[in-house]
Amino acid sequence: MSSSTGVGRLTVRPLDPLKDAGTLHTWVTHPKAAYWMMQDAKLQDVEREYMRIAAHEHHDAFLGLHEGRPAFLMETYDPRYVELVGLYEPQPGDVGMHFLVAPTDRPIHGFTRAVITTVMEELFADPSTRRVVVEPDVGNKAVHALNEAVGFVAEREIDKPEKRALLSFCTREQFLAARGAAV
């Protein structure tokens, strides 16, 4: 899928765990990616993690491109089987999501907002997706604001093995309303 935004053309393609591992390694080990919890990962750790995701029936990873160059990571998962098992009651059409914007020395105003909007458009392009579920770290205030800007509503804090998280949901209608308000 391709999205034309005020920051340029954003596209998403399936991640190639071996080919893209070097790029991902620089992103996930960067100080700005602290909430990704891979700060000390070696290249082989990143390869292994994304090979595991590629092999998983209920978890997928995608590379986001800005004008054809790698710029963000998107992961989707089925919360009935991955990440949130036993932590909330999944509904039919729930899809879990993570995203990470590549660190840059030349930030583009509005870029991260354009990325999350593109990610949400990609998820809702599937008619079976009724609601997107996220569980960012409670301390990640920047992502909470971004999530709210695209329609997410925080439900409650939950304890995951690796973090205290803010469980939040966004329906298709909430996304479309937020996107309409931003136009």
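Reading guide: rules and limits
Residues numbered from 1 in each chain as written. Predicted model: local features only at pLDDT ≥ 70, side-chain atom pairs only at ≥ 80, totals over all residues. Heavy atoms only, no water. Buried < 20%, exposed > 50% of the residue type's maximum accessible area, 1.4 Å probe, protein only. Helix = DSSP H or I, 4+ residues; strand = E, 2+ residues; numbered from the N terminus. Pairing = 2+ DSSP bridges. Core = buried A, V, L, I, M, F, W, Y, C linked by side-chain atoms within 4.5 Å. Contact = heavy atoms within 4.5 Å.

A. Structural detail: the pairing of strand β4 (residues 69–77). Of all nine residues that make up β4, seven are buried, and the element is covered over most of its length. Sheet topology note: the strand β3 (residues 59–66)/β4 ladder contains eight bridges and is antiparallel. The partner of Ala61 across the bridge, within β4, is Glu75. Here β3 folds back onto β4 in antiparallel fashion, the turn holding two residues, of which Glu67 has a positive phi close to 50°.

B. Structural view of the nonpolar core. Grouped together as the largest cluster of nonpolar side chains are 26 residues, with contacts concentrated most on Met97, Phe99, Val119, Met120, Leu123 and Phe152. Residue assignment for this core shows that the elements contributing at least two residues are β2 (8–14), β4, β5 (94–101), α3 (111–124), β6 (131–134) and α4 (141–149). Sort the elements by how many residues they give to this core and α3 lands first, with eight residues. Not counting residues up to four positions away in its chain, the partners in contact with Leu123 are Met74, Thr76, Val95, Met97, Thr129 and Val132. One finds Ala21, Leu24, Val28 and Ile53 within the second-largest nonpolar core, a separate group that totals 18 residues.

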